[in-house]
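Chain and residue survey
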There are 2 protein chains.
Amino acid sequence: MSESPAGKAAALDAADELAGLRKLFALGEGVYLDGNSLGALPAHVPERVADVVTRQWGELRIRSWDESGWWTAPERIGDRIAPLVGAGPGQVVVGDSTSVNVFKAVVGAVRLCSDPTRTDIVVDATTFPTDGYIAESAARMTGKRLVPVAPSDLPAALGPNTAVALVNHVDYRTGRLHDLPSLTSAIHEAGALAVWDLCHSAGALPVGLDAHEVDLAVGCTYKYLNGGPGSPAYLYVAERHQAAFDSPLPGWNSHTDPFAMTPSFEAAPGATRGRVGTPDILSMLALEAALEVWDGVSIDAVRAKSLALTDFFLECVAAYVPPGRVTSLTPSDHASRGSQVALRCEEAPAVMEKLIARGVVGDLRRPDVLRFGFTPLYVGFGDAERAASALAEVLGA
Amino acid sequence: MSESPAGKAAALDAADELAGLRKLFALGEGVYLDGNSLGALPAHVPERVADVVTRQWGELRIRSWDESGWWTAPERIGDRIAPLVGAGPGQVVVGDSTSVNVFKAVVGAVRLCSDPTRTDIVVDATTFPTDGYIAESAARMTGKRLVPVAPSDLPAALGPNTAVALVNHVDYRTGRLHDLPSLTSAIHEAGALAVWDLCHSAGALPVGLDAHEVDLAVGCTYKYLNGGPGSPAYLYVAERHQAAFDSPLPGWNSHTDPFAMTPSFEAAPGATRGRVGTPDILSMLALEAALEVWDGVSIDAVRAKSLALTDFFLECVAAYVPPGRVTSLTPSDHASRGSQVALRCEEAPAVMEKLIARGVVGDLRRPDVLRFGFTPLYVGFGDAERAASALAEVLGA
């Protein structure tokens, strides 16, 4: 570095076109690098939640299902998320947990596969475990075989037996970004359907679901989308598949006329078909409010800052931390990097504890990975420098 | 009536041992008889939710998963609901919607059935539709046959082919209470498992899950339990079945060591096995706060008041409304009555609209049913008299 990391951080922060967004969040004195686990609170959300509780529930009560737009919230909020993942309107619906949506997506994809003799559901073996557990249940319940493979082996594992492939866009542990366009193409060339888990990419980098002809996708909203603890997940079903999408969880909310309360099920058209039961309105409307911080924000600008932040953090770590104490698991090439840095460190549990005591909050992935998430809406270059400096201090540099 | 209904209402309210609970709720001027659809707001909930949002999420952020007890909320709140449905601790877990829990319970029950040659899932044909839709999906995915029968025909429909029976405790439309002890016995005598839906009974009357040896049960928390719009539902798995309970939705939250993040699934012991993905904390902790109104309340006292309220409402309707304009669908015998009164009325849609305009809020079940829910914690006898009086006025008496 030609100048000190601290000096460079100040210059980078001064030139950061997204720096003004930080004031939209409730952030204290510390450095919060765990927004890839739980996004920070947008400062206007408490007032909005208070209105939902006190006026919409407390005063309007049952009338709010219509008058406060509760009933249509899953589709409305889905359409607010859609541009962040490169989806046109009417294809994303919010509700349930990511795990439940993985089940809908994988079973739905198996049923969309035009060739019933295809036996395999291929799953990214490095995936966040819930996807694998749920895919295994989906395989068991649809009479398919689960084939776990490393993402690098995925193209070779695809073939005439593949019905569906479920892949994570960004590895939750290492922060590796998988190549969604080329893997989706490979899956399609094999005649299979592509289901993507966007938990660690949505809100951090461009996804391009429509452009790359992804079939189905799921994601959570409490990481880079800052929806709050356990805020509802979402399901994307490409428009071309909606008419044939056959959910394994056909609750009354996905009926074409839910208040007719007919004994026979008739699926609603469009994204609504992905709904199940009554939506969790408090969590859902907190998410809706939280999404307002994205107004006017370009996801390309977010991606550019994310890469600059992770580059700069790695640069500071190299400058401050004695060689050999940590090893980056995060790819150095931009095309393979998400928005986090994962450092392998022998003393990881104790190190993370000490970092947190110093106000630098990342998290630990057992047994030996320090994970630092960089959320471009509210993390600055000064934060990255402080975190690296604290890490060096903890490691006794 | 020997005295005027209004005079009698005043006397009944004066003698009501639960009357003091009304002040725990945010209630305006009107008469709210839709607590069987969305319970009223307990007055202390807004402050508690504000703390969850502003301090737990906004300040503690990720630390709240441990420090604010977020991670263990599903079991902790389950144990708070348990005594209201006659369950000992460790058998109820909160999370997901009722529909999703019906899927877990019915598939789980099929897998618990010791005789795999039993082909049938018998379902109450008058059930709230989502139960039927989801049971049909469960049947399809487990290779069973769905057999819908009227609850009165249920005992006759049970036999050597029955694997599971799914029954509603109270019919959402008519308010009829089904005989849980005797139906559960009949289901067991047939060698099948009993799954009960408690949406319209929990919080309104004693259920006795343990005492009557129910196998599995589900219920929502936004009706008589006042948890707020779309607050999470719950799943009961009797302790004797927990070790073999095999959920179709084995998400990472139901893993015995979720943070080990191992590729193979190993189910957690106890009620935790019924969890799936990350819990929706805002909705869940609003529910937890709301449940505090039950401290020291006897469910037997609630039941006694509920029956007195529905008796008195029917008495007022008979006194005020000209004969033939409405017909009660709600059983007159106490043993078959839930906590609502359903009146068939030719002009039901227009009548309910006019009632609501007069501040008497019930709801409509198409095409011709006026539904009035009596939630003993905050509805009084004066409310019942006012509602009947408004109904008579609307009907031109």
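The model shown is predicted, which means the values in this text are computed figures rather than measured ones.

Reading guide: rules and limits
Note on numbering: residues in each chain are counted from 1, in written sequence order. Labels follow written order: the first chain is A, the first ligand is 1, and so on. Only residues with pLDDT of 70 or above have their local features reported here, since the model is predicted, and side-chain atom pairs are shown and tallied only from 80 upward, although totals for entire chains, interfaces and linings are computed over all residues. The side-chain values count all of the structure's non-hydrogen atoms but skip hydrogen atoms and water molecules. Numbering of helices and strands runs from the N terminus; a helix is a DSSP stretch of H or I covering at least four residues, while a strand is a stretch of E covering at least two. Atoms considered for the radius of gyration are the C-alpha atoms alone. The globule rule reads 2.2 Å times the number of residues to the power 0.38. Buried means the residue's accessible area, taken with a 1.4 Å probe over protein chains only, is under 20% of the maximum for its type, while exposed means over 50%, and partly exposed covers the values in between. When DSSP locates at least two bridges between a pair of strands, those strands are taken to pair. Working convention: axes come from line fits to C-alpha atoms, limited for helices to the stretch in contact. Angles between N-to-C directions cover 0 to 180 degrees. The criterion used for residue contact is that any of the two residues' heavy atoms lie within 4.5 Å. UniProt positions are given in the numbering used here, feature names are shortened, and annotations may be inferred rather than shown by experiment. Within 3.5 Å is the distance limit for a polar contact, defined as a pair of N or O atoms, with the added protein rule that one can donate a hydrogen and the other accept it, and that residues adjacent in sequence qualify only through two side-chain atoms. Here the copies are superposed with least squares, the fitted atoms being C-alpha atoms of residues at a pLDDT of at least 70 in both. The pairing test for Phe, Tyr and Trp rings, Trp by its six-membered ring, is centres within 6.5 Å, and the orientation test on the planes gives stacked under 30 degrees, edge-to-face over 60, and tilted for anything in between. For a lysine, the NZ atom is tested; for an arginine, the CZ atom; a charge sits over a ring if that atom is within 6 Å of the ring centre and within 35 degrees of the ring normal. The labels follow the angle: roughly parallel below 35 degrees, roughly antiparallel above 145, roughly perpendicular from 65 to 115, and oblique for the rest. For any helix crossing, the convention is left-handed if the near helix is rotated counterclockwise from the far helix by under a right angle, and right-handed if that rotation is clockwise. We call Asp, Glu, Lys and Arg charged. Ala, Val, Leu, Ile, Met, Phe, Trp, Tyr, Cys and Pro are nonpolar, and the rest, Gly among them, are polar. Here, a salt bridge means any Lys or Arg side-chain nitrogen found within 4 Å of an Asp or Glu carboxyl oxygen. Domain extents, as shown, originate in an automatic or database domain assignment. Buried area: the accessible area, evaluated with a 1.4 Å probe, that two parts lose upon being put together, summed over both parts.

Notes on the overall build of chain A
- The number of helices and strands found in chain A is 13 helices and 13 strands.
- Against the globule reference of 21 Å for 397 residues, chain A gives a C-alpha radius of gyration of 22 Å, in line with a compact fold.
- Judged by the C-alpha coordinates and their principal axes, chain A covers about 70 × 55 × 35 Å.
- Here chain A, with 397 residues, has 64% of them falling under the buried criterion.

Brief notes about the sheet that holds strand 2 (residues 92-94) of chain B
Residue and element names in this part refer to chain B.
- Strand order in the open sheet made by the 7 strands is 2-8-7-6-5-3-4, with mixed pairing throughout. Every interior strand has two partners, whereas the edge strands, strand 2 and strand 4 (145-149), have only one. Between one strand axis and the next, the sheet turns through 20 degrees on average, direction left out of account.
- Pairing geometry for strand 5 (residues 162-168) and strand 6 (residues 193-197), over 5 bridges, is parallel. Looking across to strand 6, one finds that Leu-166 is bridged to Val-195.
- Contacts from helix 5 (residues 98-112) reach strand 3 (120-124), strand 5, strand 6, strand 7 (216-219) and strand 8 (234-237), with the element oriented near 175 degrees to strand 7.

Side note on unusual backbone geometry
- Omega for the peptide link from Arg-366 of chain A to Pro-367 of chain A comes to 0 degrees, which places this bond in the cis form.
- Its location among the elements puts Pro-367 of chain A in the loop between strand 12 (363-365) and strand 13 (369-373).
- One non-glycine residue, Glu-213 of chain B, adopts positive backbone phi at about 55 degrees.
- Judged by relative accessible area, Glu-213 of chain B falls into the partly exposed class, the value being 47%.
- Phi is positive for Met-261 of chain B, close to 50 degrees, though the residue is something other than glycine.
- Tracing the sequence through the fold places Met-261 of chain B in the loop between helix 9 (239-242) and helix 10 (281-290).
- Overall, the relative accessible area of 11% leaves Met-261 of chain B in the buried class.

Some words on the UniProt feature "modified residue: N6-(pyridoxal phosphate)lysine" (unreviewed entry) in chain A
Residues and elements named next belong to chain A.
- Following the UniProt record, the feature "modified residue: N6-(pyridoxal phosphate)lysine" (unreviewed entry) maps to Lys-223 here.
- Among the structural elements, Lys-223 can be located in the loop between strand 7 (216-219) and strand 8 (234-237).
- When near neighbours in sequence (up to four residues on either side) are disregarded, Lys-223 contacts Gly-35, Asn-36, Ser-37, Gly-39, Cys-199 and His-200.
- Among the polar contacts listed, one links the side chain of Lys-223 to the backbone oxygen of Asn-36, at a separation of 3.2 Å.

A look at the relation of the copies chain A and chain B
- Taken as rigid bodies, chain A and chain B are interconverted by a rotation of 180 degrees and an axial shift of 0.0 Å, the fit giving an RMSD of 0.0 Å. This pairing of chains is accounted for by a two-fold axis.
- Interface overlap between copies is the fraction of interface residues in one copy that are interface residues in the other; for chain A against chain B it reaches 100%, indicating a shared surface.

Describing the packing of aromatic side chains
- Under the criterion given, the structure shown has 25 aromatic pairs over all chains.
- An angle of 85 degrees between the planes, with centres 5.4 Å apart, marks the rings of Trp-252 of chain B and Phe-259 of chain B as edge-to-face.
- For Trp-252 of chain B, a relative accessible area of 10% corresponds to the buried category.
- Judged by its relative accessible area of 35%, Phe-259 of chain B falls in the partly exposed class.
- In textbook terms, an aromatic cluster arises when at least three aromatic residues are bridged by ring pairs, as seen for Trp-65, Trp-70, Trp-71, Trp-252 and Phe-259 of chain A together with Phe-128 and Tyr-172 of chain B.
- In this structure, Arg-61 of chain A packs its charged tip against the face of Tyr-32 of chain B, placed 4.5 Å from the ring centre.
- A cation over a ring is seen here: Arg-275 of chain A above Trp-71 of chain A, with NZ or CZ 4.9 Å from the ring centre.

A short note on helix 2 (residues 45-60) of chain A
- For helix 2 of chain A, the complete set of buried residues consists of Val-45, Val-49, Val-52, Val-53, Gln-56, Trp-57, Gly-58 and Leu-60 of chain A.
- At the C-terminal side of helix 2 of chain A, Arg-61 of chain A shows a positive phi close to 45 degrees.

Quick notes on the packing of helix 10 (residues 281-290) of chain A against helix 10 of chain B
- At a minimum axis separation of 6 Å, helix 10 of chain A and helix 10 of chain B run at an interaxial angle of 140 degrees. One element, helix 10 of chain A, and the other, helix 10 of chain B, form an angle in the oblique class. In the packing of helix 10 of chain A onto helix 10 of chain B, the handedness of the crossing is right-handed. Only Ile-281, Leu-282, Ser-283 and Ala-286 of chain B of helix 10 of chain B make contact with helix 10 of chain A, whose side of the interface consists of Ile-281, Leu-282, Ser-283 and Ala-286 of chain A.
- Residue composition of the contact of helix 10 of chain A with helix 10 of chain B, grouped by class: 6 nonpolar, 2 polar and no charged.

Remarks on the pattern of salt bridges
All names here are of chain A.
- Within this structure, the stated rule accounts for 44 salt bridges over all chains.
- The salt bridge involving Asp-51 is made with Arg-55; its shortest N-O contact spans 2.7 Å. Taken as a pair, Asp-51 and Arg-55 lie in helix 2 at a separation of 4 residues, close to a single helical turn.
- Relative accessible area serves as the criterion here: at 27%, Asp-51 is assigned to the partly exposed category.
- A salt bridge links Glu-347 to Arg-325; its shortest N-O distance comes to 2.9 Å.

Comments concerning the pairing of strand 8 of chain A
All names here are of chain A.
- Residue alternation in strand 8 divides its side chains into two sets, Tyr-234 and Tyr-236 and Leu-235 and Val-237, and both sets are buried.
- Note that strand 2 (residues 92-94) and strand 8 share 3 bridges and pair antiparallel. Counted as the bridge partner of Val-94 is Tyr-234 from strand 8.
- Here strand 7 pairs with strand 8 via 4 bridges, running antiparallel. Bridging across to strand 8, Gly-219 finds its partner in Tyr-234.

Quick word on the environment of Val-52 of chain A
Residues and elements named next belong to chain A.
- When you line up the elements, Val-52 lands in helix 2.
- Relative accessible area serves as the criterion here: at 7%, Val-52 is assigned to the buried category.
- Beyond its immediate stretch of four places on either side in the chain, Val-52 contacts Trp-57, Ile-281, Leu-282 and Leu-285.

So, the interface of chain A and chain B
- Of the residues lining the interface, 72 residues belong to chain A; the matching set on chain B comes to 72 residues.
- In this structure, the connection of chain A to chain B is made through 4 salt bridges.
- A salt bridge links Arg-366 of chain B to Asp-257 of chain A, with the nearest nitrogen and oxygen atoms 2.9 Å apart.
- Here chain A and chain B share 19 residue pairs in polar contact (both at pLDDT 80 or more) between them.
- Counting only elements with at least two residues in the side of chain A that touches chain B, the list comes to helix 2, helix 5 (98-112), helix 6 (129-142) and helix 10 of chain A.
- When residues in the side of chain A that touches chain B are grouped by element, the largest group, 8 residues, is from helix 6 of chain A.
- Tallied by class, the residues present in the side of chain A that touches chain B amount to 41 nonpolar, 21 polar and 10 charged.

Description of the sheet that holds strand 8 of chain A
All names here are of chain A.
- Here 7 strands make up an open sheet; going across it, the order is 2-8-7-6-5-3-4 and the pairing mixed. Edge positions in the sheet fall to strand 2 and strand 4 (145-149), since each has one partner strand and no second. Here the average twist between neighbouring strands, direction ignored, is 20 degrees.
- Pairing between strand 3 (residues 120-124) and strand 4: 5 bridges, direction parallel. Across the sheet, residue Ile-121 finds its bridge partner in strand 4, namely Leu-146.
- Together, strand 2 and strand 8 form the strand contacts of helix 4 (residues 73-81), whose direction differs from that of strand 2 by roughly 125 degrees.
- Across the face of the sheet, helix 5 comes into contact with strand 3, strand 5 (162-168), strand 6 (193-197), strand 7 and strand 8 while running at roughly 175 degrees to strand 7.

Topic: the domain arrangement of chain A
Residues and elements named next belong to chain A.
- Its domain assignment divides chain A into domain 1 (5-43 + 297-394) and domain 2 (71-294).
- Using only C-alpha atoms to locate each centre, domain 1 and domain 2 end up separated by 29 Å.
- The interface of domain 1 with domain 2 comprises 35 residues on the first partner and 23 residues on the second.
- Across the interface of domain 1 and domain 2, roughly 2,300 Å² is buried in total on both sides, 60% from carbon and sulfur atoms.
- Our count for the contact surface shared by domain 1 and domain 2 stands at 0 salt bridges.
- If you list the elements that add at least two residues to the side of domain 1 that touches domain 2, you get helix 11 (299-320), strand 10 (340-344) and strand 13.

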